[in-house]
Amino acid sequence: MTRKTAQLVRFGVSVEQDLLAAFDRWMRTTTHPNRSEAIRDLMREQLVRQRWTAGGTVAGAVTIVYAHHRRDLVGRIVDLQHDFQDAIISTQHVHLDHRRCLEIIAVRGTSGRIKDLADRLHALKGVLHATLAMAAAGDRP
Ligand code: NI
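Bear in mind the structure is a predicted one, so any value in this text is a computation, not a measurement. (Residues numbered from 1 in each chain as written. Predicted model: local features only at pLDDT ≥ 70, side-chain atom pairs only at ≥ 80, totals over all residues. Heavy atoms only, no water.)

**Q** Help me out: how do you make sense of the pairing of strand S3 (residues 100–110) in this one?
**A** The two faces of the sheet receive side chains in turn, since in a regular strand these alternate between them. By the bridge criterion, eleven bridges tie strand S1 (residues 57–67) to S3 in an arrangement that is antiparallel. Bridging across to S3, Thr63 finds its partner in Ile104. Where strand S2 (residues 88–95) lies against S3, seven bridges are found, and the strand directions are antiparallel. The residue bridging Gln92 from the neighbouring strand is Ile104, located in S3. Hairpin connection from S2 to S3: four residues lie between these consecutive antiparallel strands. (Pairing = 2+ DSSP bridges. Helix = DSSP H or I, 4+ residues; strand = E, 2+ residues; numbered from the N terminus.)

Spelled out as structure tokens, the structure:
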């Protein structure tokens, strides 16, 4: 992913020794190369979460696994996706095995609309798994 180069600003943070030690231990279990990178990622994650909570425009992916032979299920999933075409950017379909399909649905819209889509897909009988991955919509950090 290409990111616009932003001007970096240094700022001081006071933190308890124990908290910093725990943070460093956590950081070593991740791929963050240093504290600055780790803190930047946590800040972005928190801002994305806040946007989702506040009902702003967000982007993400809804991933579902379903049993395609189940009666009427494919038709219901397609109907639902047509009802939500304002929020769906694209759908990738993978035939997992003889019985099961995986769909990755890329979405962008208000968080309420996207959560509604994910919940309604999850509620369909025959949908075995549904997750919603959240990201920023791209116009903010
Ligand atoms: Ni399939």
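**Q** I tried to follow the packing of helix H3 (residues 73–83) against helix H4 (residues 111–123) on my own but got confused; where do I start?
**A** Helices that pack against each other are described as a pair by the angle of their axes relative to one another and the distance between those axes. Axis separation between H3 and H4 bottoms out at 11 Å; the angle between their running directions is 170°. In terms of orientation, H3 lies roughly antiparallel with respect to H4. Side by side, H3 and H4 meet where Ile77, Leu80 and Asp83 of the first sit next to Arg113, Leu117, Arg120 and Leu121 of the second. Considered class by class, the residues forming the contact of H3 with H4 number four nonpolar, no polar and three charged. (Axes fitted to C-alpha atoms, helices over the stretch in contact; angles between N-to-C directions. Parallel < 35°, antiparallel > 145°, perpendicular 65-115°, else oblique. Contact = heavy atoms within 4.5 Å. Nonpolar A, V, L, I, M, F, W, Y, C, P; charged D, E, K, R; others polar.)

**Q** What am I meant to see in the nonpolar core here?
**A** Most often, soluble globular proteins keep nonpolar side chains buried together rather than apart. Among the nonpolar cores identified, the biggest contains 22 residues, and Ile64, Ile77, Leu121 and Val127 are the most heavily contacted of them. Looking at this core, the elements with two or more residues in it are helix H2 (35–54), S1, H3, S3, H4 and strand S4 (127–135). Contacts of Ile64, omitting those with residues within four sequence positions, involve Ile77, Cys101, Leu102, Glu103, Ile105, Leu121, Val127, His129 and Ala130. (Core = buried A, V, L, I, M, F, W, Y, C linked by side-chain atoms within 4.5 Å. Buried < 20%, exposed > 50% of the residue type's maximum accessible area, 1.4 Å probe, protein only.)

**Q** What am I meant to see in a nonpolar patch on the surface here?
**A** Among the surface-exposed residues, Phe11, Val13, Val15, Leu19, Ile39 and Met43 lie close enough to one another that they form a single nonpolar patch of about 560 Å² accessible area. As for its placement among the helices and strands, Met43 is situated in helix H2. On the basis of relative accessible area, Met43 is assigned to the partly exposed category, the value being 44%. (Patch = residues over 30% accessible without salt bridge, like charges linked within 9 Å, V, L, I, M, F, W, Y side chains within 5 Å. Areas by Shrake-Rupley, 256 points an atom, 1.4 Å probe, with all protein chains shown as cover. Salt bridge = Lys/Arg side-chain N within 4 Å of Asp/Glu carboxyl O.)

**Q** Help me out: how do you make sense of the packing of aromatic side chains in this one?
**A** Ring pairs (aromatic) are described by centroid distance and by the angle formed between their planes. The tally for this structure, following the rule as stated, stands at one aromatic pair. Between Phe23 and Trp26, the aromatic rings sit 5.4 Å apart at their centres with planes inclined by 40°, giving tilted as the arrangement. Highlighted residues: Phe23 and Trp26, both in helix H1 (residues 17–28), separated by three residues, approximately one helical turn. The exposure class of Trp26 is partly exposed, given its relative accessible area of 34%. Over the ring of Phe84 we find Arg113, and its NZ or CZ is 4.0 Å from the ring centre. (Phe/Tyr/Trp six-rings, centres within 6.5 Å; stacked < 30°, edge-to-face > 60°. Lys NZ or Arg CZ within 6 Å of the ring centre and 35° of its normal.)

So yeah, pure geometry; function would need other evidence.
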